[in-house]
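Residues per chain are reported as follows:
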Amino acid sequence: MGVRFASEFSNTIANLLPSSATNTAIYITPPLTLAADNAQVYIAWFTCIVTGTGTTSLVFQIYRFATISGLKIGAQSWAQTVVAGNTYLVSGSYIDQPGAADLYYTLAVIQNGVSAAGTLSDGCLLAFVL
Amino acid sequence: MGVRFGTLSTKVAQNALPANATETVIYIVGPMILATDSVAVLFHWFITLVVGTGTTVIAVRMRRGTTTAGGLIGASNWSQTVAAGQTICMAGVYFDVFFASVTSYCLTVTQTGASGAGTVQDGTLAAFIL
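Note that the coordinates shown come from a computational prediction; the quantities given were computed from them, not determined experimentally.

A. Spatial organisation of the overall build of chain A. Across its full length, chain A holds zero helices and eight strands. What you see in chain A, going N to C, is helices and strands ordered as β-β-β-β-β-β-β-β. Its C-alpha radius of gyration of 15 Å places chain A within 12% of the 14 Å reference for a compact globule of 130 residues. Principal-axis analysis of the C-alpha atoms places the extent of chain A at approximately 50 × 30 × 20 Å. Each of the 130 residues in chain A was classed as buried or not, and the buried ones make up 38%.

Below, the structure is given as structure tokens:
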């Protein structure tokens with residue numbers, strides 16, 4: 001193979017879902033080596049979640065860097081209305097144009113209304129340079 | 001176009017959903033020629049189906065190979081709570097790192113609790129070497 005995309009990915013759960021509506025980092029990519037120009041980064045994510053007691057919606061967000069204090073990617077949070085105790089597959093994709101080198105990405109979730117922790121059974125976060 | 005990346009895709013359903021909870025191969029891609037190192041393969045999958053009578057959960061799995069005996073991709077099954085008769089769209093992304101030169105991949109569906117056949121209406125499975 002002659003060429004490859006620069007890419008990083010993870011299916012390692014960074015933190016379990018809490019029993020509160022706390023913004024929680026669930027997947028973090030290793031640092032992605034970027035060209036120091038305006039290269040686009042394609043980000044794709046996937047989760048399989050059993051919603052906890054009381055949960056009324058799941059809110060997903062992606063951040064630059066390895067914590068939820070990083071810059072949020074996207075115009076707003078990505079929310080889905082849910083029923084407590086059900087199992088959901090939720091996935092998405094987005095584009096970032098950070099213009100910086102060596103960047104982590106973090107996928108985080110908030111369980112609105114939760115009073116007992118949900119379960120993240122599987123998922124992943126991928127980022128690759130276009 | 002200067003370069004291309006190894007890709008495979010299909011939208012041809014291999015089997016109809018049965019009137020029971022048997023894991024059923026729906027989409028197959030491959031064989032795919034991989035580099036013999038730790039190359040990552042990115043999957044995008046999508047399926048829209050009408051849920052069969054009695055079904056309470058749809059479980060989707062990705063497997064290496066072309067049958068339900070192949071190795072499971074991911075930490076667990078990917079399940080979604082459903083109601084019989086609903087039409088649903090499900091989609092996801094995942095990756096595999098496989099130290100082998102040639103393999104196929106398949107997407108399977110299980111209708112937990114089914115007593116009537118469901119109907120796959122459309123979908124796709126794409127595999128893309130990063």
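B. Geometry of the overall build of chain B. Regarding its fold elements, chain B presents zero helices and eight strands. Its helices and strands taken in sequence order, chain B reads β-β-β-β-β-β-β-β from the N to the C terminus. With respect to the three principal axes, the spread of C-alpha positions in chain B is 50 × 30 × 20 Å. Split into buried and exposed, the 130 residues of chain B put 35% on the buried side. Pairs at least 24 apart in sequence give 80% of the contacts found in chain B among residues at least 6 apart.

C. Fine view of the interface of chain A and chain B. Counting residues at the interface gives 21 residues for chain A, matched by 21 residues for chain B. Sorting the residues of the side of chain A that touches chain B by element identifies β1 (7-10), β3 (41-50), β6 (87-96) and β8 (119-129) of chain A as the ones contributing at least two each. Here the side of chain A that touches chain B takes five residues from β8(A), the largest share from any one element. Across the side of chain A that touches chain B, the residue classes tally to 12 nonpolar, seven polar and two charged.

D. Molecular detail of the environment of A:Ile62. Residue and element names in this part refer to chain A. Here Ile62 lies in strand β4 (residues 57-64). Residue classification places Ile62 among the buried residues on the basis of 23 C-beta atoms within 10 Å. Spatially, the C-alpha atom of Ile62 lies 19 Å from that of Ser20, the residues being 42 residues apart in sequence. Excluding residues that lie within four positions of it along the chain, Ile62 makes contacts with Ile43, Ile73, Gly74, Tyr94, Tyr105, Thr106 and Leu107.

E. Just the sheet that holds β1(A), in detail. Residues and elements named next belong to chain A. One open sheet accounts for four strands, arranged β1-β8-β3-β6; its pairing is antiparallel. Each of the sheet's edge strands pairs with one partner strand only, and the pair in question is β1 and β6. Strand-to-strand, the axes of this sheet are offset by a mean angle of 5°, without reference to chain direction. Where β3 lies against β6, 10 bridges are found, and the strand directions are antiparallel. Residue pairing for β6: Trp45 is matched across the bridge by Gly92.

F. Region of the structure containing the sheet that holds strand β7 (residues 102-112) of chain B. Residue and element names in this part refer to chain B. Overall, antiparallel pairing links the four strands, which are arranged β2-β7-β4-β5 in an open sheet. Bordering the open sheet on either side are β2 (24-33) and β5 (72-81), each of which pairs with just one other strand. Strand-to-strand, the axes of this sheet are offset by a mean angle of 15°, without reference to chain direction. Sheet topology note: the strand β4 (residues 57-64)/β5 ladder contains six bridges and is antiparallel. Looking at the pairing, Val60 lines up with Trp78 of β5.

G. Local environment of unusual backbone geometry. Put simply, B:Gly30 and B:Pro31 share a cis peptide bond, and its omega is 5°. Of note, B:Pro31 is situated in strand β2. Residue A:Phe65 is not a glycine yet carries a positive backbone phi of 80°. Mapped onto the secondary structure, A:Phe65 falls in the loop between β4 and β5 (72-81). A residue is classified by how many C-beta atoms lie within 10 Å of it, and A:Phe65, with 14 of them, is partly exposed.

H. Summary view of the nonpolar core. Among the nonpolar cores identified, the biggest contains 64 residues, and A:Cys124, A:Leu126 and B:Phe43 are the most heavily contacted of them. The greatest single-element share of this core, amounting to seven residues, is contributed by β3(A). Ignoring any residue separated from it by four or fewer positions in sequence, one finds A:Leu126 in contact with A:Ser7, A:Phe9, A:Ala44, B:Leu42, B:Val93 and B:Phe95.

I. Geometry of the pairing of β7(B). Residues and elements named next belong to chain B. In terms of burial, β7 is a largely internal element, eight of the 11 residues being buried. Of the strand pairs in this sheet, β2 and β7 are connected by seven bridges, and their pairing is antiparallel. Counted as the bridge partner of Tyr27 is Leu107 from β7.

Rules of the game
- Residues numbered from 1 in each chain as written.
- Chains lettered and ligands numbered in written order.
- Predicted model: local features only at pLDDT ≥ 70, side-chain atom pairs only at ≥ 80, totals over all residues.
- Helix = DSSP H or I, 4+ residues; strand = E, 2+ residues; numbered from the N terminus.
- Rg over C-alpha atoms; globule rule 2.2 N^0.38 Å.
- Buried ≥ 20, exposed ≤ 12 C-beta atoms within 10 Å, placed from the backbone.
- Contact = placed C-beta atoms within 7 Å.
- Nonpolar A, V, L, I, M, F, W, Y, C, P; charged D, E, K, R; others polar.
- Pairing = 2+ DSSP bridges.
- Axes fitted to C-alpha atoms, helices over the stretch in contact; angles between N-to-C directions.
- Core = buried A, V, L, I, M, F, W, Y, C linked by C-beta atoms within 7 Å.

Everything listed is a geometric property; what it means functionally is a separate question.
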